[in-house]
Amino acid sequence: MEEGARSCLLQSRSSLEQDIRASYLMDHMISDGVLTGDEEDRIRSKQAAALLELLLRKDNHAYISFYNALVRESYGDLASLLHNSLPLVSPEAEKIQAVLSEGGVPQRPVVFVSRPALMNRVREKLYHLQKEPGWVTVFGMAGSGKSVLAAEAVRDHALITECFPGGVHWLSVGQLDRSDLLVRIQSLCFRLEQQSQEKDPSSSLHRPPGSLEEAKERLRFLMLRRYPRSLLILDDIWDSSVLKAFDIQCRVLLTTRDRSLADCVSGSKSEVAVESGLEEDQALEILALYVNGKPQRLPEQARSIVRECKGSPLVVSLIGALLREFPDRWAYYLHTLQQKKFKRIRKSSSYDYDALDQAMAASIQVLSEEHRERYIDLTVLEKDVKVPAKVLSVLWDLEPEEVEDVLQDFVNKSLLFRDCHHRPYLYYLHDLQLDFLAEMNRSGLESLHTKVVRQYQQRYSQGPPTSGDEECLYWFRFLTYHMAKANLTQELCSLMFSLDWVRTKAQIMGPAHLINDYVEYGAILDKENSEVRGQFQEFLSLNGHQLEQRPFPDVVQLALSQPDSSEVYRQALLQAQERATRGGLYLDWVSLKSLSRLVVQPHQGSIYSACFSHDGTKIASCGSSKTLRVFKSTSGEKMLEIQAHDDEVLCCAFSPDDRLLATCSSDRKVKVWNVERGTLMRVFEDEHEEQVNHCQFTNTRRRLLLATCSNDKFMNTKVSLCNTMFGHLEPVNHCCFSPDDSPPMYVADMFSEQREQTEVMVKCSTWSAGGRTIICAARNAVFVFDVEAAAMLLEIRTSRLSTVQYCHACPSSNLVAIALSHYAVELWDIETSKKMADCSGHLSWVHGVQFSPDGSLLLSCSDDQTVRVWETKKVHTSSAVCLKRDSDVLFNNGDITVVAADNRNRLQVRNGRTGAVMFQSENQESRIRCTAICSQTSAVGLGREDGTIQVLEVPSGTSLATLQGHTRTVLHCQFTPEGHTLITSSEDTTIRVWRWRTGECVVLEGHKEQVRCFSLLTTTPSSETHLLSWSFDGTIKVWDMSSGERLQDLVCHQGAVLACDVSPDGQLFATTSADKTAKVWSSASWECVRLLTGHQDCVRSCRFSWDGRRLATGDDNGEIRLWNVKDGTLLKICSRDNKDAMDSLHGGWVTDLHFSPDNTVLLSTGGYIKWWNVEKGEALQTFYPTGANLKRIHVSPDFSTFVTIDNIGILYILKKVE
């Protein structure tokens, strides 16, 4: 101990021995680690003298601990004797304080009472994290001191040195949505990177993570690599989904009201409960500190106040703050609290409502009249919402600094709480304070909310804030709430029926908030215009997955894909037309139709099962991501996400009361979950020996049973807690109870023949609404059986070349939904045996379908990672026809003619302007693989898989020619400009030039592999036209079409030639290949004049500009390169920095390219369609089709109309908005 400190102790020894009670002080000194248990026992008999004697033999830390103990036990006069001789804080203590300050750990509050037993329990749990990552949960009711306790627990040199040498990092969380959580983690990552850079200047700061997943990975890297063995403190966690963002295998201390939150994360876990109230002595100590007195000298009313409020820290603090200004009001405040007995409140807070009511009333009375009015304005705040001073600056029309002064007064009087971990500070009221204000101002609530709206409108008359800061987020989140509460119906509708508001809010907050607004305020909006409300909600529901993308898509372009009758489309068209006058590029989808009601992407991976809850409000889904997710059926907002199994989750099912969810998996386990809390209730891990394919609860509540079925050879189906059902000798794919939970039936017995085969092939079964029939998927078809007669009533065979994956009967009609591997869902009427609808929209295999309990909705889930929700009535009336991608288009004086095969293998010719079918052939005997339109006559050609070519007259359908000769699939066909000749190429490696009216044919032979395409080559206007063909054999061949003579045979590439384009003047042609190169060739010398390298994948497409100066090439990674034809230099790379969710720059391969006539715009197709500024290499516009994998696009000569078909058969005719 320093000499000055020792001398001071000796001089003050007599005063200290007379007044102190050693037992009070020793508790504090033991918690500080100054005294041991043995030393306490030796001192206890001799008390103060022995304590001082021992203290004189210890170090500076003991002196400081003794001084702090005197302060805490209200021996302020004795502590003042020692104050001037306090030794300097040790270097170790200074270091620890620096670590805590750097990590954002809050300072000890001015009025503080030690809780050593609790603190030691927390430290004990933290020591368990020394060797491995894990979680320590400090839980208790609101206001019980959890945050102070957490901060105090880490103020320990030994703890930090031994367990957390990497530091302590504090993050205040609270109630957050997904976007707010991202901002918090971004801030934490920035702080950690900044601190790391200060220690190691060679490390660099990264850009803020753009998504929650990326933020989680960034935080994982920082905590494991740069801050190993550090402690992350998460203060005030409310939601398990938020906590999962921090499940990164690090050491975490969290404070929360919900004890069960840590159940959702992995790793070792321990917990410490915080009592809801302080001990009486501790509460009295707080009151004494507020009034600068000693607990023993407080009036008798103090003890009564503590007992009346049951030691509630919040109420004690409120009263203490009041007493600091009016220390003679003990009796008054006690009387105020006693006006009503405490009663339990069933809200987020566990404080006694009436007591706080009265404390609030007493608190507000001491405010000035001006401040009292402003405090009443806070009635409009939502619970658990923190607001920045800027929001109240708008409300009160004051400078932010003036607002902060007012709020500071409220904070000082414990009327308001401040979150100091934000800059600027955030302010909030306790739930019960808000309850009190709402009750007190019940009659004036509407006018208070009106004031908020009017002040906002005055401040932001030129448009909403777009800064993205806390104030901006508040207005976007709560402006509609204030309008609704103010009963400003017209203004609410005007705002929410505005595409500008939708665009800005979606960009800042994401689509889920918007969809929730339309659901929450739907009743108000419907009074004004229910149709428009539905249109906006439908637009957001269908495009929500697009609005989550970054960079943010053009909302006006997305809205142009809405039906012409939609208000969303009308506003988008007006904006597009206005922007087009300023050079903007927008496309109007004139042939659109969209039937999905909601599209949700809940998982990163295939979705194998999805189901409605029995009340229809929730949807659960699961799949290859091993997770279970629950979301709202109206908006797609996530309600619950659980890492459910160790392998793929194959099925999920709600219990009849929707309280439980069952899941089964390839890991051979069946689990039952509590839906509300997201906790695991039970695991069945020994019942099955192989993967569990399906699970289903009973339909009624008479007796809750769970049936499961698996790949087990001899114990295939189990009814949990009941029995095992034997009989199947092969894997069982599906099980379900009848509507009334009657005994099971053996479906295979109903098949009249080939029973041995059907046992293997039955994929699923479903009961009709009345329970009189069973519908089964088997033999790649759907069968309907009469239960009583045990006889087959109907067999449904789809016309698709695909597998039936699943079926489900509508509970309110005769419809049955069928899921198909060919990306679609079909609806059939089992009474009429007719197909009623074809729900196209998925981009991959559809694994499951289910109707909602009332039959109004239908969901489907797919390998494309989406769940789609359809309105049964709307899809019920839709056309069940879709087109194939191999098409041809004729543009003629403003008319558009489209020819393509449909999904029933018929040739269709459509009017592109009206969508009307001009001609439809009969079903062809063999699959149609290519089509062509003759520009000179009313004829269309088609090539089939069996090698046959047909030429038909339109619209009569008369067969003009049937051309036989190819021995394998015809891959491409094309009429020459004059219309007399039809050229075809085939998998049989030949090209045939037909005089199609006479059947004469010239065969061009020489390629060694299939010929997918060809082009006409004319070097000068007067020269003869030759044919240029290319093949997977890596060669280009030039032919004389009249004689069939091979004029040139060029070995161009080491890999397959994938595309070829001839320059407008015919002097050059370009080739691209799977060898990742492109080449430019001379038509005069037949030599390669340019080798273009740089692509990292197969070069799939190429196109010369109309002036012949540029060549565009596109590859399978979605990259587009622009080249100078003259010298072969690279001019631009398009899309380099904008990879999408499919890990491609273009949503897939770049399959087609076109330049505008003025060479300023480049059009490209892949997973979607993009228009590029040629000079800058920047995207001008993007059109997202419903499907994907566009093969080619047809462009009108004036570059104003674009026609293509996606992989699910939707026709897109896009017209440039003028």
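The rules we used
Residues numbered from 1 in each chain as written. Predicted model: local features only at pLDDT ≥ 70, side-chain atom pairs only at ≥ 80, totals over all residues. Heavy atoms only, no water. Helix = DSSP H or I, 4+ residues; strand = E, 2+ residues; numbered from the N terminus. Buried < 20%, exposed > 50% of the residue type's maximum accessible area, 1.4 Å probe, protein only. Contact = heavy atoms within 4.5 Å. Areas by Shrake-Rupley, 256 points an atom, 1.4 Å probe, with all protein chains shown as cover. Patch = residues over 30% accessible without salt bridge, like charges linked within 9 Å, V, L, I, M, F, W, Y side chains within 5 Å. Salt bridge = Lys/Arg side-chain N within 4 Å of Asp/Glu carboxyl O. Lys, Arg positive; Asp, Glu negative; His and termini not counted. Charge placed at Lys NZ, Arg CZ, Asp CG, Glu CD. Pairing = 2+ DSSP bridges. Axes fitted to C-alpha atoms, helices over the stretch in contact; angles between N-to-C directions. Arc of directions from axis to C-beta. Core = buried A, V, L, I, M, F, W, Y, C linked by side-chain atoms within 4.5 Å. Parallel < 35°, antiparallel > 145°, perpendicular 65-115°, else oblique. Left-handed = near helix turned anticlockwise from the far one by under 90°. Nonpolar A, V, L, I, M, F, W, Y, C, P; charged D, E, K, R; others polar. Polar contact = N/O pair within 3.5 Å; in protein donor to acceptor, adjacent residues only side chain to side chain. pLDDT = per-residue confidence, 0-100.

Looking only at helices and strands, the protein chain features 33 helices and 64 strands. By the burial criterion, 57% of the 1218 residues in the protein chain qualify as buried. Considering only intrachain contacts with a sequence separation of at least 6, the fraction spanning at least 24 residues in the protein chain is 53%. For the protein chain, the accessible surface area stands at approximately 51700 Å², while carbon and sulfur atoms represent 46% of it.

A cluster of acidic residues, Asp 397, Glu 399, Glu 401, Glu 402, Glu 404 and Asp 405, forms a negative patch at the surface. On the basis of relative accessible area, Glu 401 is assigned to the exposed category, the value being 51%.

To continue, consider the sheet that holds strand β14 (residues 638-643). The strands making up a sheet associate through hydrogen bonds between their backbones, and the pairing can be parallel or antiparallel. As summarised here, the arrangement of the four strands in space is β11-β12-β13-β14, forming an open sheet in which the pairing is antiparallel. Both outer strands of the open sheet, β11 (607-612) and β14, are each paired with one neighbouring strand and no more. Pairwise comparison of adjacent strand axes, ignoring direction, gives a mean angle of 15° for this sheet. Relative to strand β13 (residues 627-632), strand β12 (residues 618-623) runs antiparallel, the two sharing five bridges. Pairing of Ile 619 across the sheet is with Phe 631, part of β13.

Spacing of three or four residues puts side chains on the same side of an α-helix, whose turn is 3.6 residues. Listing the buried residues of helix α16 (residues 300-308) in full gives Ala 302, Ile 305, Val 306 and Glu 308. The buried residues of α16 occupy an angular sector of 165° when projected down its axis, which confines them to one face. Away from the buried face of α16 by more than 90 degrees, exposed residues Glu 300 and Arg 307 are located.

Here we come to the nonpolar core. If you look at soluble globular proteins, the nonpolar side chains tend to sit buried side by side. Among the nonpolar cores identified, the biggest contains 80 residues, and Tyr 375, Leu 378, Trp 396, Leu 407, Phe 410 and Phe 539 are the most heavily contacted of them. Tallying contributions element by element places helix α25 (residues 470-485) first for this core, with ten residues. When sequence neighbours within four positions are dropped, the list of residues in contact with Leu 378 reads Leu 392, Trp 396, Phe 410, Leu 416, Leu 429, Leu 434 and Leu 437.

With that settled, consider the packing of helix α15 (residues 280-290) against helix α17 (residues 313-325). One can describe the packing of α15 onto α17 by two numbers: an axis separation of 8 Å at closest approach and a directional angle of 25°. Considering their axes alone, α15 and α17 lie roughly parallel with respect to each other. For the pair α15 and α17, the sense of crossing is right-handed. Residues Ala 283, Ile 286, Leu 287 and Tyr 290 of α15 form the contact with α17, whose own contacting residues are Val 316, Ser 317, Gly 320, Ala 321, Leu 323 and Arg 324. Within the contact of α15 with α17, the residues separate by chemical class into seven nonpolar, two polar and one charged.

Here we take up unusual backbone geometry. Going from Val 954 to Pro 955, the amide bond is cis rather than trans, its omega being 10°. Take Pro 955: it is sitting in the loop between β40 (949-953) and β41 (959-963). Even without being glycine, Arg 229 reaches a positive phi, approximately 55°. Tracing the backbone through its elements, the reader meets Arg 229 in the loop between α13 (212-226) and β3 (231-237). Even without glycine at this site, Trp 1086 takes up a positive phi of about 60°.

With that out of the way, let us pick up the sheet that holds strand β63 (residues 1201-1205). If you trace the four strands from one edge of the open sheet to the other, you get β9-β64-β63-β62, paired in antiparallel fashion. The outermost strands of the open sheet, each flanked by one partner alone, are β9 (587-589) and β62 (1194-1195). The pairing of β62 with β63 spans two bridges and is classified as antiparallel. Paired with Val 1195 across the bridge in β63 is Phe 1202.

Here we come to the pattern of salt bridges. Under the counting rule described, the total for this entry stands at 39 salt bridges. Where Arg 178 meets Glu 213, a salt bridge forms, and the shortest distance between an N and an O atom there is 2.6 Å. On the criterion of sequence distance, the pair formed by Arg 178 in helix α12 (residues 178-199) and Glu 213 in helix α13 is long-range, its members being 35 residues apart. A relative accessible area of 40% means that Arg 178 is categorised as partly exposed. Classification of Glu 213 by relative accessible area gives partly exposed; the value is 46%. Across the pair Asp 1049 and Lys 1037 runs a salt bridge, and its minimum N-O distance is 2.6 Å. With a gap of twelve residues between them, Asp 1049 in strand β49 (residues 1046-1051) and Lys 1037 in strand β48 (residues 1035-1039) connect regions that are remote in the sequence. Using a relative accessible area of 36% as the deciding quantity, one classes Asp 1049 as partly exposed. The class for Lys 1037 is buried, based on a relative accessible area of 3%. Here the salt bridges do not stand alone but share partners, grouping Arg 13, Glu 17 and Glu 53 into one network.

This part covers the environment of Asp 235. Structurally, Asp 235 can be placed in strand β3. Each C-alpha atom, one on Asp 235 and one on Ala 151, is 9.7 Å from the other, the two residues being 84 residues apart in sequence. Apart from the residues lying within four places of it in its own chain, the contact partners of Asp 235 are Ser 147, Trp 170, Leu 171, Ser 172, Val 173, Gly 174 and Thr 255. Engagement of the side chain of Asp 235 in a polar contact is seen with the side chain of Thr 255, the distance being 2.6 Å.

Considering every residue of the protein chain, the mean pLDDT works out to 85; 89% of them sit at 70 or more. Per-residue pLDDT stays below 50 along residues 753-760; that stretch engages in 13 contacts with residues further than four places along the chain or on separate chains. Counting interchain partners and residues more than four positions distant, the pLDDT-below-50 stretch residues 1138-1143 has eleven contacts.

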